[in-house]
Every structure is written in C-alpha cells, then in structure tokens.
Amino acid sequence: MEAPAPYSPAEAPMPIVSTEFTVTSPEQMQELGRRLAELLRAGDLVMLNGELGAGKTTLTRGLGEGLGVRGAVTSPTFVIARVHPSLGDGPPLVHVDAYRLGGGLDEMEDLDLDVSLPDSVVVVEWGEGKVEDLTDDRLHVVIHRAVGDTTDEVRHVTLMGLGRRWSTVDLTALSA
C-alpha cells in the first residue's frame, strides 16, 4: 500500500472571514475606515470595490486618519497611486486607483506594489481581477449603494478577509 502524499500548506483551503455593515452617511463611512485602520498592519492588502460614488475614497480617508499618515487622502484616479508616509511609527499608506487600468497585475507592475506591500498598507480601489496575485492574505471590501437618481446615503459594506492573516481577526468588532 502506498503512503499518502505529505501535507502541503499550499493545498489547504484559504480561510475566509466576513461581516456586513450598514452605513448611513459619509461620516460613518470615514469612521468605519478609522476603526478598520486599528486592525491593519504593514503587509496588508485591502481591495475596495463598489459603484462610482459608493464611498471607497471616503473609507480610505478614514484609514489614512486611523493610520496617522501625512497628506490629504484624495482619489488618485489620474495619478493612479499616492504614497502617504506615516507621521509616527506606523506603516505608510499606498492608495491606488486601478479604475483606468485595464489589465491585471502585469499592467500594475510599474507601480511596484509587490515591493511596497511588505512595509505598507496597500489599498487598491477597483482592484478586483488586478492585484489578487500579490498575496493570498487580503481584505476585500465591497460597498453597495442604490444606483440611479437617488440621494440615498445608505451603503451596505461587506468585509471579507481571505487567508491566514485574517482568519483570527474579529471583523465584527468594527461595529462596536
């Protein structure tokens, strides 16, 4: 009888944790970002997805405040990426807007995200299908809002942590 193949961690299923929040104002979205920043550390990749105007940059502004970084966090749509150095001993924030980038990770190689990731918190708006190969451990944030002619500020935010890094993080604590 043949012995079973040795266990390989690469074959293990990737742990997934998730939680959902309802946000009713831009101020609450920014506050969610500030609270989320408390859970982040150097090497974290955060992918933000949602419709135009959903609140991705507002959430990132809160992350920047929570991380204590220099500079106003604004949408990097036309510059593609901005680095916000830490004002203290925390990691810098690398804020990327991949909306105008059509390709996958190959097109983003010029940004050197793989070099920045170990020492920074990297936040990528519109990153789905473009940056997943950077790391198995990442936090997906999906923001849903009503579309069309509406002044509704309600957003439904889903946070989904993938990989071992997020398997022990209590994302539900963000609602406290």
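Please refer to the structure placed before this passage.
The following refers to the structure shown. (Residues numbered from 1 in each chain as written. Predicted model: local features only at pLDDT ≥ 70, side-chain atom pairs only at ≥ 80, totals over all residues. Heavy atoms only, no water.)

Right, let's get into the packing of aromatic side chains. For the structure on display, the rule yields zero aromatic pairs. Here the basic side chain of arginine 165 rests over the ring of tryptophan 166, its NZ or CZ set 4.2 Å away from the ring centre. (Phe/Tyr/Trp six-rings, centres within 6.5 Å; stacked < 30°, edge-to-face > 60°. Lys NZ or Arg CZ within 6 Å of the ring centre and 35° of its normal.)

Further remarks concern helix H2 (residues 56-67). In a regular helix each residue adds 1.5 Å, so twelve residues correspond to 16 Å; H2 covers 16 Å between its end C-alpha atoms and thus fits that length. By the criterion of burial, H2 is predominantly enclosed, with nine of the twelve residues buried. Within H2, burial applies to Lys56, Thr57, Thr58, Leu59, Thr60, Gly62, Leu63, Gly64 and Leu67. Of the residues one or two after H2, glycine 68 is the one with positive phi, at around 70°. (Helix = DSSP H or I, 4+ residues; strand = E, 2+ residues; numbered from the N terminus. Expected span 1.5 Å × (residues − 1). Buried < 20%, exposed > 50% of the residue type's maximum accessible area, 1.4 Å probe, protein only.)

What follows concerns the packing of helix H1 (residues 26-37) against H2. Two elements in contact, H1 and H2, have axes whose closest approach is 6 Å; the angle formed by their N-to-C orientations is 45°. By the angle class used here, H1 and H2 are oblique. Here H1 and H2 pass one another in a crossing that is right-handed. Across the interface between the two elements, Pro26, Met29, Gln30, Leu32, Gly33, Arg34, Leu36 and Ala37 from H1 touch Thr58, Leu59, Arg61, Gly62, Leu63, Glu65, Gly66 and Leu67 from H2. (Axes fitted to C-alpha atoms, helices over the stretch in contact; angles between N-to-C directions. Parallel < 35°, antiparallel > 145°, perpendicular 65-115°, else oblique. Left-handed = near helix turned anticlockwise from the far one by under 90°. Contact = heavy atoms within 4.5 Å.)

Turning next to the pattern of salt bridges. A side chain with one charge can pair with a side chain of the opposite charge if their charged atoms come near. Tallying each qualifying case throughout the model produces four salt bridges. Among the ionic contacts, a cluster of salt bridges with common partners joins Glu31, Arg34, Arg35 and Glu65. (Salt bridge = Lys/Arg side-chain N within 4 Å of Asp/Glu carboxyl O.)

Here strand E2 (residues 45-50) lies mainly inside the structure; six of its six residues are buried. Across the two faces of E2 the burial is the same, with Leu45, Met47 and Asn49 and Val46, Leu48 and Gly50 all buried. One ladder, built from five bridges, connects E2 with strand E6 (residues 138-145); its direction is parallel. Bridge pairing links valine 46 to leucine 139 in E6. (Pairing = 2+ DSSP bridges.)

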